Amino acid sequence: MSEISRNGVGGTGPSGRIGIGLELDDIHMKILEVLRENGRISVAALAERVGISRANAYTRFEALRADGAIKGFTAEIDHVRAGLGITALIFVTVRQQMWKQFRAELARMPEVEYCAITTGQHDAMIQVRVADVAAVHTMVTDRLANIPAVKATETVFILDEVLKRPYVLPSDGRQARRSSRPAQETQGEVPLGKMRFVGAAEGRAALKKDD
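For clarity, every value in this text was computed on a predicted model and none was experimentally measured.

Cut-offs applied
Residues numbered from 1 in each chain as written. Predicted model: local features only at pLDDT ≥ 70, side-chain atom pairs only at ≥ 80, totals over all residues. Heavy atoms only, no water. Core = buried A, V, L, I, M, F, W, Y, C linked by side-chain atoms within 4.5 Å. Buried < 20%, exposed > 50% of the residue type's maximum accessible area, 1.4 Å probe, protein only. Helix = DSSP H or I, 4+ residues; strand = E, 2+ residues; numbered from the N terminus. Contact = heavy atoms within 4.5 Å. Phe/Tyr/Trp six-rings, centres within 6.5 Å; stacked < 30°, edge-to-face > 60°.

This next bit is on the nonpolar core. Ile90, Val92, Phe102, Met109, Val112, Ile126 and Val128 are the most contacted members of the largest nonpolar core, which totals 20 residues. Secondary-structure elements contributing two or more residues to this core are strand S1 (86-94), helix H4 (99-107), strand S3 (124-130) and helix H5 (133-143). Apart from residues lying up to four places away in sequence, Met109 is in contact with Met139, Arg143, Leu144 and Ile147. Formed by 18 residues, the second largest nonpolar core is a distinct cluster that contains Ile41, Ile52, Phe61 and Leu169.

Have a look at this one:
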């Protein structure tokens, strides 16, 4: 990524302390929505998309970085083309007094893309990306099973990644709620799944017209 300038927003250089304690408003959220689509968009294009001046867009972007709302930028790759066609979730039960060892061992496994501590039957969920099924088998039986902190594992292979977003925003939920509201009913139209009651006088009039 290039250095941050007034022509682009895709760098990772240091920012000033202009956004510490920043309170995100609707414009900040719109900036984050646009950056989700294209993290390398220029400041000029960002300003146009959001509907603010270029100077305002640059200042707000820098504030988001300085405040930590934007942590950095990275490339999104095609894992299959990169030779990592197998994705698996490994659910791990950890011996409760050995969490420190578990974390340390996990950090030494480059195949691990993500790990989260969870509630429920297991204590942690690990997502790994590897070249083939044999690599998953080796990781589970030869490596995880030999960590004293690991009590048990359960492996689930991912067949298809249906949906993956870079991140979600509070505004997404508001937009979804707005789009799910039923449209205003026009007079005479009956929405699907609803009944329309006709008064007796109205019904008799319609019968007379048919006669």
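Alright, that's what it looks like, and here's the rest.
Attention shifts here to the packing of aromatic side chains. Following the criterion strictly, the structure yields 2 aromatic pairs and no others. Each ring, one from Phe61 and one from Phe73, has its centre 6.0 Å from the other, and the planes form 40°; the classification is tilted. In this pair, Phe61 sits in helix H3 (residues 54-67) while Phe73 sits in the loop between H3 and S1, placing the two residues 12 residues apart along the sequence. On the basis of relative accessibility, which here comes to 0%, the residue Phe61 falls in the buried class.

Within the secondary structure layout, Arg60 lies in helix H3. Residue contacts for Arg60: discarding those within four places in its chain leaves Asp25, Ile27, His28, Ile31 and Ile52.

This paragraph deals with the environment of Trp99. Considering the arrangement of structural elements, one finds Trp99 in helix H4. Overall, Trp99 belongs to the buried group, its relative accessible area being 17%. Sequence spacing of Trp99 and Ala149 is 50 residues, and the spatial spacing of their C-alpha atoms is 6.8 Å. Residues contacting Trp99, with those up to four places away along its chain left out, are Val94, Ile117, Asp123 and Ala124.

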